[in-house]
Amino acid sequence: YWSTFQGLMSDRQSNDPEKFIAEFPDACRIAVAPMIEAAGTLFDFDYGEIWSIAVYALNEKGDLLEPVWWDRPADHPSQDNPRNWRPGDGHVGSAFMQDRILFTTDMGSDDAAMLLKPSVGNVRDYDADVYRSFVSAPVLLDVQPQPFRFGVLVLSSNVAGRFDENNKTIVAHAAQVL
């Protein structure tokens with residue numbers, strides 16, 4: 001499916017940056033749809049589990065990762081747009097800044113989680129209950145002379161231990177497709 005998606009997107013590719021940015025959210029939806037539809041099998045999501053998936057892009061100033069596409073169940077406590085992240089802040093900003101895939105099994109107890117918690121200004125009351133496990137992968141654009149760090153693809157779950165090395169590979173592949 002993803003190779004078909006890449007073919008479709010290359011046919012639609014534009015050298016116009018404004019058109020690219022305008023079409024990118026729809027491209028995210030198309031690219032990530034198979035992963036969401038198979039989430040029960042790929043990630044063992046259970047009925048009633050609170051999960052989210054989002055794609056963030058670095059804004060023009062280069063100081064914020066802003067959500068460009070997201071999906072989550074209707075009962076997710078965050079009903080607004082996902083929050084913005086500064087590079088290096090939280091799981092999203094850390095994956096971007098470190099330019100590598102990060103996964104955390106339990107933000108409540110992992111030693112690494114202490115380094116990935118959001119800054120005080122970006123914390124929400126429900127974070128500890130909703131965002132327990134994460135997989136975050138940088139999205140790179142394959143441009144010359146070298147790849148360009150565009151943003152981050154992130155999945156989260158309220159279930160500790162939800163994500164593992166296999167999930168990390170799946171999310172990394174999805175980020176490459178974007």
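Anything mentioned here points back to the structure above.
Residues numbered from 1 in each chain as written. Predicted model: local features only at pLDDT ≥ 70, side-chain atom pairs only at ≥ 80, totals over all residues. Heavy atoms only, no water.

Colleague: Before we move on, could you go through the nonpolar core and cite the residues and values that matter?
Modeller: Note on soluble globular proteins: their nonpolar side chains tend to be buried together. Counting residues in hydrophobic clusters, the biggest one holds 27 residues, and the most contacted among them are Met 35, Phe 43, Ile 53, Leu 153 and Leu 178. Those elements giving two or more residues to this core turn out to be helix 2 (17-37), helix 3 (39-43), strand 1 (51-58), strand 4 (133-141), strand 5 (148-157) and helix 7 (165-177). Once you skip the residues sitting within four places of it in the chain, Phe 43 turns out to touch Met 35, Leu 155, Arg 162, Phe 163, Asn 167, Ile 170 and Val 171. Grouped together as the second largest cluster of nonpolar side chains are 16 residues, Ile 50, Leu 65, Phe 134 and Val 152 included. (Core = buried A, V, L, I, M, F, W, Y, C linked by side-chain atoms within 4.5 Å. Buried < 20%, exposed > 50% of the residue type's maximum accessible area, 1.4 Å probe, protein only. Helix = DSSP H or I, 4+ residues; strand = E, 2+ residues; numbered from the N terminus. Contact = heavy atoms within 4.5 Å.)

Colleague: Account for the sheet that holds strand 3 (residues 102-104), naming residues and giving values.
Modeller: The five strands lie next to each other as 2-1-5-4-3, forming an open sheet whose pairing is antiparallel. Pairing within the sheet leaves two strands with one partner each, and these edge strands are strand 2 (65-71) and strand 3. Direction aside, neighbouring strands of the sheet carry axes that sit 20 degrees apart on average. In this sheet, strand 5 lies alongside strand 4 in antiparallel orientation, the contact comprising nine bridges. If you follow Val 139 over to strand 5, its bridge partner there is Gly 151. Relative to strand 5, helix 4 (residues 90-98) is tilted by about 145 degrees, and along the sheet it contacts strand 1, strand 2, strand 3, strand 4 and strand 5. Strands in contact with helix 7 are strand 3, strand 4 and strand 5; relative to strand 4, the strand with the most contacts, it is inclined by about 30 degrees. (Pairing = 2+ DSSP bridges. Axes fitted to C-alpha atoms, helices over the stretch in contact; angles between N-to-C directions.)

Colleague: Please provide a residue-by-residue account of the environment of Leu 42, values included.
Modeller: By the element assignment, Leu 42 lies in helix 3. C-alpha of Leu 42 to C-alpha of Asn 167: the two residues are 125 residues apart in sequence and 7.2 Å apart in space. Setting aside residues up to four positions removed in sequence, Leu 42 forms contacts with Met 35, Asn 167 and Ile 170.

Colleague: Tell me about the packing of aromatic side chains, residues and numbers included.
Modeller: According to the stated counting rule, one finds six aromatic pairs in the structure shown. Both rings, one in Tyr 126 and one in Tyr 131, keep their centres 6.3 Å apart while their planes meet at 50 degrees; by these two values the pair is tilted. For Tyr 126, a relative accessible area of 21% puts it in the partly exposed group. One aromatic cluster in this structure is built from Phe 43, Phe 45, Trp 51 and Phe 163. (Phe/Tyr/Trp six-rings, centres within 6.5 Å; stacked < 30°, edge-to-face > 60°.)

Colleague: Any chance you could break down unusual backbone geometry for me, citing the residues and the numbers?
Modeller: Of note, Asp 44 is a non-glycine position whose phi angle comes to about 60 degrees, a positive value. Looking at the element boundaries, Asp 44 is found in the loop between helix 3 and strand 1. Not every positive phi belongs to a glycine, and Asp 99 is a case in point at roughly 55 degrees. Counting through the fold element by element, Asp 99 comes out in the loop between helix 4 and strand 3. Judged by its relative accessible area of 39%, Asp 99 is partly exposed.

Colleague: With reference to specific residues and values, describe the pattern of salt bridges.
Modeller: Here the structure, examined in full by the defined rule, presents five salt bridges. With its nearest N and O atoms 2.8 Å apart, the salt bridge here joins Arg 83 to Asp 127. Here Arg 83, found in the loop between strand 2 and helix 4, pairs with Asp 127, found in helix 6 (residues 127-130); they are 44 residues apart in sequence, far enough to count as distant. Here Arg 83 matches Asp 127 in class, with each residue buried. A salt bridge links Lys 168 to Glu 165; its shortest N-O distance comes to 3.9 Å. With Lys 168 and Glu 165 both in helix 7 and three residues apart, this pair spans about one turn of that helix. Look at Glu 165 and you get partly exposed, because its relative accessible area is 48%. (Salt bridge = Lys/Arg side-chain N within 4 Å of Asp/Glu carboxyl O.)

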